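Breakdown of the fold
Read off the chains here:
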Amino acid sequence: METRMANDNNPGDMLTEYVTVMLGEQLFGLPISRVQDVFMLERLTRVPLSQPEIAGVLNLRGRIVTAIDMRRRLGLPKREDGRKPMAIGIESKGESYGLLIDSVGEVLKLDENNREPNPVNLDTRLARVSAGVHRLEGQLLVVLDVDRVLDMGEAIAA
Amino acid sequence: MDDLLREFLTETNESLDVVDVELVRFEQDPNNAKILDNIFRLVHTIKGTCGFLGLPRLEALAHAAETVMGKFRDGTSVTGEAVTLILSTIDRIKAILDDLEQNQEEPAGQDRDLIDELERLAINAPAPAKAAPAEAAPAATAPETTGELTYQVLERQLRPGEVSLDELERAFRETPGPKFTPPSSVPNAAKAAAAMSAPAEKSDDEKSDSKVANQSIRVNVETLEHLMTMVSELVLTRNQLLEIVRRHEDSEFKVPLQRLSNVTAELQEGVMKTRMQPIGNAWQKLPRIVRDLATELNKQIELEMHGADTELDRQVLDLIKDPLTHMVRNSADHGLETPAERRALGKPEKGTIRLSAYHEGGHIIIEIADDGRGLNTEKIKAKAISSGLATEAQIEKMSEAQIHKYIFAAGFSTAAKVTSVSGRGVGMDVVRSNIDQIGGTVDVKSVDCSGSSFIIKIPLTLAIVSTLIVEAGGDRFAIPQLSVVELVRAQTNSEHKIERIKDTPVLRLRNKLLPLIRLKSLLKMDEGEVQAGSTNDAENGFIVVTQVGNQTFGIVVDGVFHTEEIVVKPMSTKLRHIAMFSGNTILGDGSVIMIIDPNGIARALGTIATATTQSEEANAVQHHVGQDNTTSLLVFRAGSPEPKAVPLSLVTRLEEIDATKIEISNNRRLVQYRGQLMPLVRVNDEVQIRTQGTQPLLVFSDDGRSMGLVVDEIVDIVEDNLNIEVSSEVPGVLGSAVVKGHATEIIDMGYFLPIAFEDWLRRKDKALGGSVTRSLLFVDDSAFFRNMLTPVLKAAGYHVTTVGGAEDAMEVLKSGRRIDVVVTDIDMPGMNGFDLAQAVLADPETKDVPIIALSGLTSPEAIERGREVGFHDFVAKFDRPGLIAALKEQTAHAEAA
């Protein structure tokens, strides 16, 4: 099972599965192999003195998860509809993170060969975390590079 | 890694540690065949396993060492040289094992050097002086290479000194194995008769030991950690379930859930227990270290260990290992003298280092004591002065214990010469910071020529911490209880109120000024708050009085909830840079909470406060000195730009009142203050009493009455020497002194009190019931204190005679004038307070006069000494109420008598 999952992510293989998420008007895709779970955000504890992108910490089944406000991370304006954000649970270097997003969409199977590099005029904040773009019917899907999303330069805020 | 190999490595490393310890014991007690057998068996096992696993290098080394030990068994006398050689062989084996662990194969190389040495020893060993025990008959030179006891063939000739197979087999069979060894089969050592009962007891011990060994299994630490995490989660889930059931009365889940709850609690306790390890594990390497040191330093050292089975969390154990080793090294190197020196001092040649451990409350106390020369106070003094930690004058006033504390200051090493053992500049400061890290403390006691001891106090476990849950800015935080001293509720109208000196909030707590820090602002959670509405807020709140090292400060929080035992979880790497937090945890209600790091706050406070942040220890020393010859002064401005000052200890409170509240009655300005009318007095005529805005006041209270001294501006609180250099003719001004580099007028409070209350003095007389005025002799070399306290004493109804020295005091006492009580300073040039007390007591005419000491030094030692020389009481220099109370008591005594 796990081997097959790994193969799904292999560039040699044509198809990659993406969990699609919405942030504002934009559709993003996260490789499904990196997504641990999707959960509703409840009881977030804010962390004073942390970087602005860090929304806080929360308890997810006994683990402490660091929540990252993806709107802040991508330089999008604050959400105003007042609805509770959703979170995508991911793991990196043994630590758990939750990426706060507006809503989760379906899982798409996309051909890696159709992935295009970032357009040169893409907003720099987006370009920093994007691993390319898929052209779908009627809209574009920006592929998020999870590791680059998490690389926020810890030292700066210290 | 191969399972077999891994097992071998863990087992062998453990065995080698035991061999280390046992060898040292054996050297001291060469006739103890039991120890030797134990070593022999262990080395033999190692050799055997190496052969089996195909590790020729290890096998050859173990074999050579075993041969030499075989000679010991045969009765060859045990020499230090031989033991050293075997120990270095074991070191080599350990090095190879390390390599093996990393690369999974034996490193290439030769050990001919060690093996040759060992073989030489084995051959040259003098013939056994005595026949070896019958059971292990010497057959070292047996030419056969086949064994008879079991069939085994060695495919070559015996190497020099090699033990025959038979003998090996016999030895192997006869040495007490780990299991099922009846006590009777312990080989009778040469001295069996000499120790009839002792070995029997010992073997009983061993038997029970072996049983324990049989009942324990090896578990990977990771497995335990995982178990611990799972149990924590179980506890959280249980709490949630309990919460749900609480909402549903008559739930059928109630009973089984209660059961589940109990089981969970027990499980948690059980898992915690698995983390506990005896402190002996951290001591295991010490006998060997001490032995090597003794050889290197040519000293004779005995290491005593008590309470090795005292248990503590393995995480703490790991952290404490290095500091302990360092301190034992220190004791051996610096503490203990050479045998010659010890002989000269009439001590036994062998020095002793004693390690002991025991539980006390939720802590474990570890003591490292030696019977050596003690700390060299003079050297520490010199070093403290040369490294600028204190001035000579400050040092002179310190007690020995205070001076000894300097060894914990950063970069402090008194070792004159750098030896390979210690004195490399990393010293006790590192030890202290290591211990600080785990929330422990370390203290030193030293007596010249009879030794020193270090006392370490550390928490039992780091995994579970008792914390105080507080609220700030709408969020909850946990503060470790270990550093919380007390809680104070501050309210505008209560006794405890947050006051401000410029912009620095402070709290007066039992005559000490406590710097305060608002958690909300420290965490920058108050941004965007409306400032106007927060004036009330600024004066209210809960103050968590916190102590870090010797620094005490108050953390102001909005609310305090309860205490909770929490399981500390490490913070995410994204948050680890925030120095204010040491970790986070999940509370019983399932929410995540940040744990405040008092160390981080103390550091932040240091950078915010204008006070210089020296090392904590130096600060503490400064503080002591402060009591001694510097005075806390409140600097303010009134009427002129030049600063004025008054000793802070005389000021009860700093106030800012609304100027519109000032009323005029009977030509005097008054303000309603805490339900009383408080008269306001101006420092001089130039001071304008404001009509709008706020008016700063210094409030002085005495016996239920208060007066307000009107000033223009409160500038600062400083610590400085108070030397009145130019005395003054202006009423209300004692004179001028240099305070922080500025000429400053020192205000005489004794002048203002009667202005505020015309009856201030008379009232006191009445209070004393109109009885005879008592005469009091006040001795102090400082004109300032004479000026300062005389009005106070007069106000209390005494007829005061002041003199500037003890000699003058004796004259007055002998002149036949009636003196009812003497109040004297301690530190005076020439004859000091102690001398005066002795002189007064020695003279039959004056021996009944009560004598009260007044001193900046109110350390227990000083008070003890005071009592010894005959002081009737001992009062701190600025403790006015204390002095008056002491006077009343003493004069009442005298009257009754």
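Residues numbered from 1 in each chain as written. Chains lettered and ligands numbered in written order. Predicted model: local features only at pLDDT ≥ 70, side-chain atom pairs only at ≥ 80, totals over all residues. Heavy atoms only, no water.

1. Things to note about the overall build of chain A
Put simply, the test is: A run of H or I in DSSP counts as a helix once it spans at least four residues, and a run of E counts as a strand once it spans at least two, with each numbered from the N terminus. Categorising residues by exposure relies on relative accessible area from a 1.4 Å probe, with only protein chains included: less than 20% of the type maximum marks a residue as buried, more than 50% marks it as exposed, and the intermediate range marks it as partly exposed. Computed by Shrake-Rupley with a 1.4 Å probe, the accessible areas treat only the displayed protein chains as cover when residues are assessed.
A tally of helices and strands in chain A yields five helices and 10 strands. Across the 158 residues of chain A, 44% fall into the buried class. Put simply, chain A shows about 8700 Å² of open surface, and 49% of that area lies on carbon and sulfur atoms.

2. Quick notes on the packing of aromatic side chains
Residues and elements named next belong to chain B. We apply this condition: Two rings belonging to Phe, Tyr or Trp (six-membered ring only in the last case) form a pair when the distance between their centres is within 6.5 Å. Interplanar angles under 30 degrees mark stacking, angles over 60 mark edge-to-face geometry, and anything in between is tilted.
Tallying each qualifying case throughout the model produces three aromatic pairs over all chains. With 6.0 Å between their ring centres and 5 degrees between their planes, Phe477 and Phe581 make a pair best called stacked. Placement of the pair is Phe477 in strand 9 (residues 475–480) and Phe581 in strand 17 (residues 581–586), with a sequence separation of 104 residues. We note that Phe477, like Phe581, is buried.

3. Details of helix 8 (residues 221–247) of chain B
Selection criterion: To estimate the expected span of a helix, count its residues, drop one, and scale the result by 1.5 Å. Counted as a polar contact is a pair of N or O atoms within 3.5 Å, where, for protein atoms, one must be capable of donating a hydrogen and the other of accepting one, and residues adjacent in sequence contribute only when both atoms are in side chains.
Helix length check: helix 8 of chain B (27 residues) gives 40 Å between terminal C-alpha atoms against 39 Å at 1.5 Å per residue, within 8%. The opening residue of helix 8 of chain B is Asn220(B), an N-cap whose side-chain oxygen sits 3.0 Å from the backbone nitrogen of Glu222(B).

4. Topic: the confidence of the model for chain B
Rules: Per-residue confidence from the prediction method is given by pLDDT, with values spanning 0 to 100. Contacts: residue pairs with any heavy atoms within 4.5 Å of one another.
Put simply, chain B has an average pLDDT of 74, and 77% of its residues get 70 or more. Within the model, pLDDT remains below 50 along residues 761–771 of chain B, and this stretch shows 14 contacts once partners closer than five positions in the same chain are excluded.

5. Points about the pairing of strand 15 (residues 551–557) of chain B
Residues and elements named next belong to chain B. The condition that has to hold: Two strands qualify as a pair provided that DSSP identifies no fewer than 2 bridges between them.
Counting buried residues along strand 15, five of its seven residues qualify, which places the element largely inside the surrounding structure. Looking at chain direction, strand 13 (residues 512–518) and strand 15 are connected through three bridges and run parallel. Bridge pairing in strand 15 places Arg518 opposite Val556. Two elements, strand 14 (residues 541–548) and strand 15, share seven bridges in a ladder whose sense is antiparallel. By the bridge assignment, Val548 is partnered in strand 15 with Gln551.

6. A look at the nonpolar core
Most often, soluble globular proteins have nonpolar side chains that are buried together. Residue and element names in this part refer to chain B. Keep this limit in mind: For our purposes a nonpolar core is just a set of buried Ala, Val, Leu, Ile, Met, Phe, Trp, Tyr and Cys residues, chained together by side-chain atoms within 4.5 Å.
Within the largest apolar cluster, 58 residues are counted, with the highest numbers of intra-cluster contacts made by Phe477 and Leu519. Tallying contributions element by element places helix 20 (residues 598–608) first for this core, with four residues. For Leu519, the residues in contact, after removing those within four places along its chain, are Val470, Ala472, Phe477, Ile555, Val556, Val557, Ile596 and Ile601.

7. Observations concerning the sheet that holds strand 34 (residues 851–855) of chain B
Residue and element names in this part refer to chain B. Here is the rule we go by: Angles shown run from 0 to 180 degrees and are taken between the N-to-C directions of axes, each axis being a line fitted to C-alpha atoms and, for helices, limited to the stretch in contact.
Read from one edge of the open sheet, five strands run 32-31-33-34-35, paired in parallel fashion. Only two strands of the sheet have a single partner each, and these edge strands are strand 32 (798–803) and strand 35 (873–876). Across this sheet, the average inter-strand angle for adjacent strands is 25 degrees, counted without regard to direction. As paired strands, strand 33 (residues 821–825) and strand 34 are joined by four bridges and run parallel to one another. Paired with Asp825 across the bridge in strand 34 is Leu854.

8. Looking at unusual backbone geometry
Peptide bonds are, in most cases, trans, and in most cases residues other than glycine have a negative phi. Within the chain, Leu49(A) stands out as a residue other than glycine whose phi angle is a positive 70 degrees. The topology assignment puts Leu49(A) in the loop between strand 3 (35–40) and strand 4 (54–60). The residue Lys524(B) is not glycine, and still its phi comes out positive at about 55 degrees. Residue placement: Lys524(B) occurs in the loop between helix 18 (519–522) and helix 19 (535–539).

9. Observations regarding the side chain of Thr16(A)
All names here are of chain A. Residue placement: Thr16 occurs in strand 1 (residues 15–23). With relative accessibility at 3%, the residue Thr16 sits in the buried group. Looking at Thr16, its side chain comes within polar contact range of the side chain of Glu112, at 2.9 Å.

10. Description of the sheet that holds strand 14 of chain B
All names here are of chain B. Strands sit in the order 10-14-15-13-12-11 across an open sheet of six strands; the sheet is mixed. Looking at the sheet topology across the chains shown, the edges are occupied by strand 10 (484–490) and strand 11 (499–501). Ignoring strand direction, the axes of neighbouring strands in this sheet form an average angle of 40 degrees. By the bridge criterion, three bridges tie strand 11 to strand 12 (residues 504–509) in an arrangement that is antiparallel. Residue pairing across strands places Ile501 opposite Thr504, the latter belonging to strand 12.

11. Focus on empty space enclosed by the protein
Residue and element names in this part refer to chain B. What counts here: Only protein atoms enter the 1 Å grid, on which a cavity is a set of points fitting a 1.4 Å probe that cannot get out and a pocket is an open set with protein on both sides within 12 Å along at least 5 of 7 lines, lining residues being those with an atom within 4 Å of a point. Grid points are joined across faces, edges and corners, and a volume is the space filled by probe spheres set on the points.
Scanning the model with the defined rule gives seven cavities of 30 Å³ or more in all. For the largest cavity, the calculated volume is near 70 Å³. Lining the largest cavity are Leu650, Phe700, Asp748, Met749, Gly750, Leu753, Met788, Val792 and Arg880. Residue assignment for the lining of the largest cavity shows that the elements contributing at least two residues are helix 22 (749–756) and helix 24 (783–795).

12. Details of the interface of chain A and chain B
For clarity, the threshold we go by: Take the accessible area each of two parts loses on contact, using a 1.4 Å probe, and add the two losses: that sum is the buried area. A carboxyl oxygen of Asp or Glu within 4 Å of a side-chain nitrogen of Lys or Arg is what we treat as a salt bridge. The nonpolar class holds Ala, Val, Leu, Ile, Met, Phe, Trp, Tyr, Cys and Pro. Asp, Glu, Lys and Arg form the charged class, and all remaining residues, Gly among them, are polar.
In this assembly, 24 residues from chain A lie in contact with 28 residues from chain B. Across the chain A to chain B interface the summed buried area is about 2100 Å²; carbon plus sulfur atoms make up 60%. Looking only at chain A, the three residues that lose the most surface to chain B are Pro48(A), Leu49(A) and Ile64(A), adding up to 27% of its buried area. Viewed at the interface, chain B and chain A are joined by two salt bridges. Here Glu95(A) ties to Arg576(B) by a salt bridge, and the two come within 3.4 Å at their closest N and O atoms. If you list the elements that add at least two residues to the side of chain A that touches chain B, you get strand 4, strand 5 (63–69), strand 7 (95–101) and helix 5 (154–157) of chain A. Residue contributions to the side of chain A that touches chain B peak at four residues, all from strand 4 of chain A. Residue classes in the side of chain A that touches chain B are distributed as 12 nonpolar, six polar and six charged.

13. Considerations on the environment of Leu514(B)
Residue and element names in this part refer to chain B. Along the polypeptide, Leu514 turns up in strand 13. A relative accessible area of 5% places Leu514 in the buried class. Here the alpha-carbon distance between Leu514 and Phe553, two residues 39 residues apart in the chain, equals 5.6 Å. Not counting chain neighbours up to four residues away, the residues in contact with Leu514 comprise Pro505, Val506, Leu507, Leu509, Val545, Thr552, Phe553 and Gly554.

14. Side note on helix 2 (residues 33–53) of chain B
When the terminal C-alpha atoms of helix 2 of chain B are compared, their 30 Å separation across 21 residues agrees well with the 30 Å that a helix rising 1.5 Å per residue should span. Gly54(B) sits one or two positions beyond helix 2 of chain B and adopts a positive phi of about 75 degrees.

15. Brief notes about the packing of helix 11 (residues 286–297) of chain B against helix 12 (residues 314–335) of chain B
The geometry of a pair of packed helices is captured by two quantities: the angle between their axes and the separation between those axes. All names here are of chain B. Test applied: If an angle is under 35 degrees, it is roughly parallel; if it is over 145, roughly antiparallel; if it lies from 65 to 115, roughly perpendicular; otherwise it is oblique. Note: crossing handedness is left-handed where the near helix turns anticlockwise from the far helix by less than a right angle, and right-handed where it turns clockwise.
Between helix 11 and helix 12, the least distance of the axes is 10 Å, while the angle of their chain directions is 30 degrees. Between helix 11 and helix 12, the angle is such that the two are roughly parallel. Seen from above, helix 11 lies across helix 12 with right-handed handedness. For the pair helix 11 and helix 12, the contacting residues are Leu286, Ile289, Val290, Leu293 and Leu297 in the first and Thr325, Val328, Arg329, Ala332 and Asp333 in the second. Of the residues that constitute the contact of helix 11 with helix 12, the class distribution is seven nonpolar, one polar and two charged.

16. Re a negative patch on the surface
Residues and elements named next belong to chain B. The test is simple: Any residue with relative accessible area above 30% and no salt bridge may belong to a patch, with like charges joined within 9 Å and the nonpolar Val, Leu, Ile, Met, Phe, Trp and Tyr side chains within 5 Å. Neither His nor the chain termini are counted; the positive set is Lys and Arg, and the negative set is Asp and Glu. By convention, the point assigned to a charge is CZ for Arg, NZ for Lys, CD for Glu and CG for Asp.
A contiguous patch of negative charge on the surface is contributed by Glu807, Asp808, Glu811 and Asp835. The leading source of residues in the negative patch is helix 25 (residues 806–814), at three residues. Note that Glu811 resides in helix 25. When its relative accessible area of 59% is taken as the criterion, Glu811 is described as exposed.

17. Quick notes on the packing of helix 1 (residues 3–28) of chain B against helix 4 (residues 80–103) of chain B
Residue and element names in this part refer to chain B. Across the interface, helix 1 lies against helix 4 with an axial gap of 11 Å and an inter-helix angle of 165 degrees. One finds that helix 1 runs roughly antiparallel with respect to helix 4. As for how helix 1 packs across helix 4, the hand of that crossing is left-handed. Contacts between helix 1 and helix 4 pair Leu5, Phe8, Leu9, Thr12, Asn13, Leu16, Asp17, Val19, Asp20, Leu23 and Glu27 from the former with Gly80, Val83, Ile86, Leu87, Ile90, Ile93, Lys94, Leu97, Leu100 and Glu101 from the latter.

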